[in-house]
Amino acid sequence: MKTTLLKFGICVVVLSVIAGDANAQRTPTRRKPGSNPTTTQPIDTTGQPTINNNVTTNPGYDPFANLPISFDSTGMSDTAMRKSLRNDNAFDKSSLTQRLPLPYENLRWDDALYAEKVWRELDLREKMNQTFRYEATDDNGSQMFVNMLLREVNAGRVTAFADDRFTTPLILSDIQQMTSGKIDTAIIYDIKDINKAVGRKVTREQFDAHTVTKLRLKEEWVFDRESSRMFCRILGIAALKTEYLPNGQERGVSTMFWVYYPDLRPMLAKAEVYNPKNMGQSRMTWEELFESRMFSSYIVKSSLDNPQNRMIKAMYPKDPILALLEGDNIKEKIFNYEQDLWSY
């Protein structure tokens, strides 16, 4: 019995020694640098190649990059002239298109005893200025004053400038960029297969002429000592576009472009102003309206007692009432200068 147990123990020891030598001689498996040794790969028992879902595509890849691109211009400002093919009036108005502005009286520099420049703003939302926003279409196009300005600029008959000194002219593409909405790109899908993209279309938001709520005039008041009278000559007109915050709150206004007023007079002399009481021959033209000063406005800047060349609202940033009173004060000073020259 002892001999049998001894033989069994010797066999166990020999087998354990042989198993240890076999494990020591086995070649270790090499792993790739950075690999996680604890991660096990899934085994596909079907024999098909496995797909690694963790592989991400290039973030700069655009699946619609090779699609054709088209441009939709319906969002541009509509300043086209669509003339009626028949007489749209009960009387002949052909003489209106032949009107010419009266030439200005010559003012000599030696006779300009007094001269001050004034900048004033017209709020088109005021009741007296509602004629500037007349929403109608005539043979010469839209009757809104802003669209009339854009029509002359787009046609090349009037030059638009970036500043009120008329030193930097704007090209037509700059004007179109200002008078267009935001750009957006839309995917065009096949009408027969909604999942198949066939192209891309670049669109713009429709330009709303009502966003131009103010106009700015630059004028000069000159006292001519030869005729002993005060002259007011308008030098330029600017369109001011209202800017809004993302929450819809009004942020302020921005200047779109300036137009030299003497260049605009030929068009203004041929365009009639809306008159809600009389639409006949007694309607005045825009040139007569500006020369007769039949509009409501307030002064925002002047060269009178302003060595820093600042706007009035910059002098009174926290009190708009004082800014309005300062504008009235400037108007009164100009008026009193002419009156004080006379003796009664």
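Reading guide: rules and limits
Residues numbered from 1 in each chain as written. Predicted model: local features only at pLDDT ≥ 70, side-chain atom pairs only at ≥ 80, totals over all residues. Heavy atoms only, no water. Helix = DSSP H or I, 4+ residues; strand = E, 2+ residues; numbered from the N terminus. Contact = heavy atoms within 4.5 Å. Buried < 20%, exposed > 50% of the residue type's maximum accessible area, 1.4 Å probe, protein only. 1 Å grid on protein atoms, 1.4 Å probe; cavity = no way out; pocket = protein on both sides within 12 Å on 5 of 7 lines; lining within 4 Å. Points joined across faces, edges and corners; volume = space filled by probe spheres on them. Nonpolar A, V, L, I, M, F, W, Y, C, P; charged D, E, K, R; others polar. Phe/Tyr/Trp six-rings, centres within 6.5 Å; stacked < 30°, edge-to-face > 60°. Lys NZ or Arg CZ within 6 Å of the ring centre and 35° of its normal. Lys, Arg positive; Asp, Glu negative; His and termini not counted. Salt bridge = Lys/Arg side-chain N within 4 Å of Asp/Glu carboxyl O. Core = buried A, V, L, I, M, F, W, Y, C linked by side-chain atoms within 4.5 Å. Polar contact = N/O pair within 3.5 Å; in protein donor to acceptor, adjacent residues only side chain to side chain.

**Q** Give me the overall build of the protein chain: which residues, what numbers.
**A** What the protein chain contains, in helices and strands, is seven helices and 11 strands. Within the protein chain, contacts between residues separated by at least 24 positions form 64% of all contacts whose residues are at least 6 apart in sequence.

**Q** Any chance you could break down the environment of arginine 251 for me, citing the residues and the numbers?
**A** Tracing the chain through its elements places arginine 251 in strand β10 (residues 250-260). In this view, arginine 251 contacts Glu243, Tyr244 and Leu245; residues no more than four positions away in its chain are not counted.

**Q** With reference to specific residues and values, describe the environment of arginine 229.
**A** Within the secondary structure, arginine 229 sits in strand β9 (residues 229-244). A relative accessible area of 42% places arginine 229 in the partly exposed class. Between the C-alpha atoms of arginine 229 and glutamate 338, which are 109 residues apart in sequence, the distance is 7.5 Å. Among residues more than four places away in sequence, those in contact with arginine 229 are Glu105, Val222, Phe223, Asp224 and Glu338.

**Q** Any chance you could break down the layout of surface pockets for me, citing the residues and the numbers?
**A** Where empty space is left in the structure can be found by rolling a water-sized probe over the atoms. If you add up the space inside the largest pocket, you get close to 930 Å³. Along the wall of the largest pocket there are 32 residues; nearest its centre are Leu96, Thr97, Asp139, Asn140 and Lys270. The set of elements that each furnish at least two residues to the lining of the largest pocket consists of β3 (137-138), α2 (145-154) and α4 (261-268). At three residues, the largest contribution of residues to the lining of the largest pocket is made by α4. Looking at the lining of the largest pocket residue by residue, the classes come out as nine nonpolar, eight polar and 15 charged.

**Q** Kindly report on α2, identifying the contributing residues and their values.
**A** In terms of burial, α2 is a largely internal element, nine of the 10 residues being buried. Burial in α2 covers these residues: Phe145, Val146, Asn147, Met148, Leu149, Leu150, Arg151, Glu152 and Val153. The first or second residue beyond α2 is glycine 156, which carries a positive phi of 85°.

**Q** So what's going on with the environment of glutamine 98? Residues and values would help.
**A** Relative to the assigned elements, glutamine 98 resides in the loop between β1 (69-71) and β2 (112-123). You can call glutamine 98 exposed: its relative accessible area is 63%. Distance from glutamine 98 to proline 266, taken between C-alpha atoms, is 9.9 Å for residues 168 residues apart in sequence.

**Q** So what's going on with the packing of aromatic side chains? Which residues, and what values?
**A** For the structure on display, the rule yields 13 aromatic pairs. Look at phenylalanine 145 and tryptophan 286: their rings are 5.0 Å apart centre to centre, the planes differ by 50°, and that puts the pair in the tilted class. Of this pair, phenylalanine 145 sits in helix α2 while tryptophan 286 sits in helix α5 (residues 286-292); the two residues are 141 residues apart in sequence, bridging distant segments of the chain. The buried category is assigned to phenylalanine 145, whose relative accessible area is 0%. Here a set of aromatic residues connected by ring pairs shows up, and it is made of Phe132, Phe145, Tyr261, Trp286, Phe290 and Phe295. For the cation-ring pair, arginine 229 lies above phenylalanine 231, with the distance from its terminal atom to the ring centre recorded as 4.1 Å. Sitting above the plane of the tyrosine 104 ring, arginine 265 keeps its charged end 4.1 Å from the centroid.

**Q** Hey, could you go over the side chain of lysine 218 for me, with residue numbers and the actual values?
**A** If you trace the backbone, lysine 218 turns up in strand β8 (residues 212-224). As a buried residue without a salt bridge, lysine 218 has its nearest oppositely charged side chain in aspartate 164, at a separation of 5.0 Å. Ignoring sequence-local partners within four residues, the contact set of lysine 218 consists of Lys117, Val118, Trp119, Asp164, Arg165, Arg233, Ile234, Leu235, Gly236 and Trp258.

**Q** Talk me through the nonpolar core; I want residue IDs and the actual numbers.
**A** Inside soluble globular proteins, nonpolar side chains tend to come together where they are buried. Grouped together as the largest cluster of nonpolar side chains are 35 residues, with contacts concentrated most on Phe132, Phe145, Phe257, Trp286 and Phe290. Elements that contribute at least two residues to this core include exactly α2, β8, β9, β10, α4 and α5. Tallying contributions element by element places α2 first for this core, with six residues. Apart from the residues within four sequence positions on either side, phenylalanine 290 is in contact with Phe132, Phe145, Leu217, Ile234, Ile237, Tyr261, Leu268 and Phe295. By size, the runner-up hydrophobic cluster in this structure holds 12 residues, among which are Met230, Cys232, Leu304 and Ile312.

**Q** Go over the side chain of aspartate 163 with me, naming the residues and quoting the values.
**A** Positionally, aspartate 163 belongs in the loop between β5 (160-161) and α3 (172-178). No salt bridge forms around the buried aspartate 163; measuring N to O, its nearest opposite-charge neighbour arginine 165 is 4.9 Å away. Separated by 2.4 Å, the side chains of aspartate 163 and threonine 167 make a polar contact. Leave out the neighbours within four places in its chain, and aspartate 163 touches Thr168 and Trp258.

**Q** Give me the lowdown on the pattern of salt bridges, citing residues and values where you can.
**A** Close approach of charged atoms allows side chains of opposite charge to pair. Inspection of every chain in the model, using the stated rule, returns 13 salt bridges. Salt-bridge contacts for aspartate 110 lead to arginine 108; the nearest nitrogen and oxygen are separated by 3.2 Å. Here arginine 108 falls in the partly exposed class, since its relative accessible area comes to 41%. Linking arginine 120 and glutamate 219 is a salt bridge whose minimum nitrogen-to-oxygen distance equals 2.6 Å. Of this pair, arginine 120 sits in strand β2 while glutamate 219 sits in strand β8, and the two are 99 residues apart along the sequence. Bridged by salt links that share partners, the residues Arg108, Asp110 and Asp111 form one connected network.

Purely geometric stuff here, so don't read any function into it on its own.
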